[in-house]
Amino acid sequence: MEFLPVFFDIKGKPCAVIGGGVVAARKVAMLLNSGGRVTVVAPDLCSTLKQQAENGAIFHIQSRFAPEHLNEAIIVIAATDDREVNKQVSEVAKAHRLPVNVVDDPDFCSFIMPSVIDRSPVIVAVSTGGSSPVLARLLRARLETLIPGSYGRLATLAEKFRGKVKQHFSDSGQRRIFWENIFQGPIAEMIFAGREEQASNALSKAIESSGKDIQLQGEVYLVGGGPGNPDLLTFRALRLMQQADVVVYDNLVTPPVLEMTRRDADRIFVGKQRANHAMRQEEINELLVKLAKEGKRVLRLKGGDPFIFGRGGEEIETLSANHIPFQVVPGITAASGVSSYAGIPLTHRDYAQACVFVTGHLKDGSMDLDWEMLARPNQTVVIYMGLLGLPVLCQQLVAHGLSPDTPAAIVQQGTTPSQKIVTGTLITLPHLATEAQLKPPTLIIVGKVVSLQSKLAWFTPDQESEGNFALTRNN
Ligand code: SAH
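Residues numbered from 1 in each chain as written. Predicted model: local features only at pLDDT ≥ 70, side-chain atom pairs only at ≥ 80, totals over all residues. Heavy atoms only, no water.

1. Describing the domain arrangement of the protein
- On domain assignment, one finds that the protein holds domain 1 (14–113), domain 2 (151–208), domain 3 (219–332) and domain 4 (341–472).
- If you average the C-alpha positions of domain 3 and of domain 4, the two centres end up 27 Å apart.
- Of the residues lining the interface, 11 residues belong to domain 3; the matching set on domain 4 comes to 14 residues.
- Taking both sides of the interface into account, the surface hidden between domain 3 and domain 4 amounts to around 980 Å²; carbon and sulfur atoms contribute 74%.
- Broken down residue by residue, the surface that domain 3 buries against domain 4 is led by Asn 229, Pro 255 and Phe 309, which jointly contribute 46%.
- Where domain 3 packs against domain 4, one counts zero salt bridges.
- In this structure, the connection of domain 3 to domain 4 is made through one residue pair in polar contact (both at pLDDT 80 or more).
- Classifying every residue of the side of domain 3 that touches domain 4 gives eight nonpolar, three polar and no charged. (Domains from an automatic or database assignment. Contact = heavy atoms within 4.5 Å. Buried area = accessible area lost by both parts, 1.4 Å probe. Salt bridge = Lys/Arg side-chain N within 4 Å of Asp/Glu carboxyl O. Polar contact = N/O pair within 3.5 Å; in protein donor to acceptor, adjacent residues only side chain to side chain. Nonpolar A, V, L, I, M, F, W, Y, C, P; charged D, E, K, R; others polar.)

Here it is as structure tokens:
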């Protein structure tokens, strides 16, 4: 290591910042966040610092730098735009053996400032040893997505129970296992979900009842994997995907989304395969219960949003009946993701004030839908699972009063490199769709908003990376 990473306690201690611009202001903010007493030395201040000086958050010495300005300080930061001044600050500080940082000038520094992820009391600091602050910032952004915002509250809870746990488990190995289980299990999830009191009670109980062997209770994460493109996962989805022991997934989950799950997790496919029948819904429900009862953290990963044509409700009803803890993570539903990537706004002040989502699944060759409601003017109708029923659908909408010229689109594998859009009218679309030989999944959008597509399309599918996305299974 080029540097020794340390965390300084500067609470209530004098810190000197030389320079009054926006860069200085950023450093001042860090010092103030850590409880430092900040003096800024500069002839002029930027507006942020000026305000802080006015309301007494910092002390301002209106002057150019002089060596005596460092007399009190325990730490020094130089952030002027004059390299000579910065150099002088560095020399004076070093002569006094004061730790000094000169912004963007490693040669004059005795310490460097990391990029920080603040989940106080948890702090993660990232440094590239001064070689690339941009890289450190990018890394920081990645870590931000992985560490839940409420992680600090978890540490606060742990602090509160530390003594009790120590008393209860004299063996340090047992203590470690206990805490590992807590930090990765339902109690941590209660904290992340904002249920602190419940978490506190549960932790008390866990300590009392855990004796020597800790029987872990499993849980189920019902997670929406979005419409196929892994960029569209939520932070929460990603976090749970990376912590689950078993992944139960079906057709709509694309390979790149599945790739984001923990490498060593078991993966169980429960969708339809050409030669195979799909696992029945009841069997899936039972499988989830069984896995959770074995103490596993089960990721039930579904395409889109689990509560929109995803039978998510049915799955968690069984869990609830079996007292298995679960949580639901919303995903971007096909209507939303696919329409965005196709350039079709679902509502628009001039064309559609409402939007309806329906399933176009055929039952005995027909569709049991409220056609009058669907044929209303000034709304957009989005049809899931409608490819086979497309001719029936278009016919019925016209029969119930929509103009035959109403614009309509069908989008194949939206948001992925295989995205394909076919647009037409209620009269022409069925034929055009057959000609285009679309592959599932496809989404149908009907309404005047579709006419905007030619103007608003922005996403160009990248056919080269199509292979990575290939939906290997039929939907
Ligand atoms: N829960 C899912 C929908 C499951 S029903 C969600 O919220 O999106 C399955 C149907 O979703 C498919 O038949 C298709 O109509 C639609 N769908 C899902 N992903 C899609 C995609 N990437 N492109 C087009 N349609 C998609």
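Now that the structure is up, let's keep going.
2. Let's talk about the side chain of Thr 415
- You can see Thr 415 is positioned in the loop between strand E15 (407–412) and strand E16 (420–425).
- When neighbours within four sequence positions are excluded, Thr 415 is seen to be in contact with Pro 227, Gly 228, Asn 229, Leu 232, Gly 337, Val 338, Tyr 341 and Phe 459. (Helix = DSSP H or I, 4+ residues; strand = E, 2+ residues; numbered from the N terminus.)

3. With respect to the packing of aromatic side chains
- Going through the model one piece at a time under the given rule, you end up with 10 aromatic pairs.
- When the ring of Phe 169 is compared with that of Phe 178, the centres are 4.9 Å apart and the planes differ by 40°; the resulting orientation is tilted.
- Accessibility expressed as a relative area gives 2% for Phe 178, which makes it buried.
- Three or more aromatic residues joined by ring pairs form one cluster here, namely Phe 169, Phe 178, Trp 179 and Phe 183. (Phe/Tyr/Trp six-rings, centres within 6.5 Å; stacked < 30°, edge-to-face > 60°. Buried < 20%, exposed > 50% of the residue type's maximum accessible area, 1.4 Å probe, protein only.)

4. Thoughts on the side chain of Lys 27
- Position of Lys 27 among the secondary structure elements: in helix H1 (residues 22–33).
- The charged side chain of Lys 27 is buried without a salt bridge, its nearest counter-charge being Asp 104 at 7.1 Å.
- If we ignore the near neighbours within four places in the chain, the residues touching Lys 27 are Ile 77, Val 103 and Met 113. (Lys, Arg positive; Asp, Glu negative; His and termini not counted.)

5. Thoughts on the packing of helix H5 (residues 151–168) against helix H6 (residues 172–183)
- For the pair H5 and H6, interaxial distance at closest approach is 12 Å and the crossing angle is 150°. Our classification of the angle between H5 and H6 gives roughly antiparallel. The two elements H5 and H6 meet at a crossing, and its hand is right-handed. Side by side, H5 and H6 meet where Leu 154, Ala 158, Phe 161, Arg 162, Val 165 and Lys 166 of the first sit next to Arg 175, Phe 178, Trp 179 and Phe 183 of the second. (Axes fitted to C-alpha atoms, helices over the stretch in contact; angles between N-to-C directions. Parallel < 35°, antiparallel > 145°, perpendicular 65-115°, else oblique. Left-handed = near helix turned anticlockwise from the far one by under 90°.)

6. Examining the sheet that holds strand E2 (residues 37–41)
- Across the sheet, which stays open at both edges, the five strands sit in the order E3-E2-E1-E4-E5 with parallel pairing between neighbours. The sheet is open, and its two borders are formed by strand E3 (59–61) and strand E5 (100–102), each paired with just one other strand. Each adjacent strand pair in this sheet contributes to an overall mean axis angle of 20°, direction not counted.
- Here five bridges tie strand E1 (residues 14–18) to E2, and the two strands are oriented parallel to one another. Among the inter-strand pairings, Pro 14 is bridged to a residue of E2, identified as Arg 37. (Pairing = 2+ DSSP bridges.)

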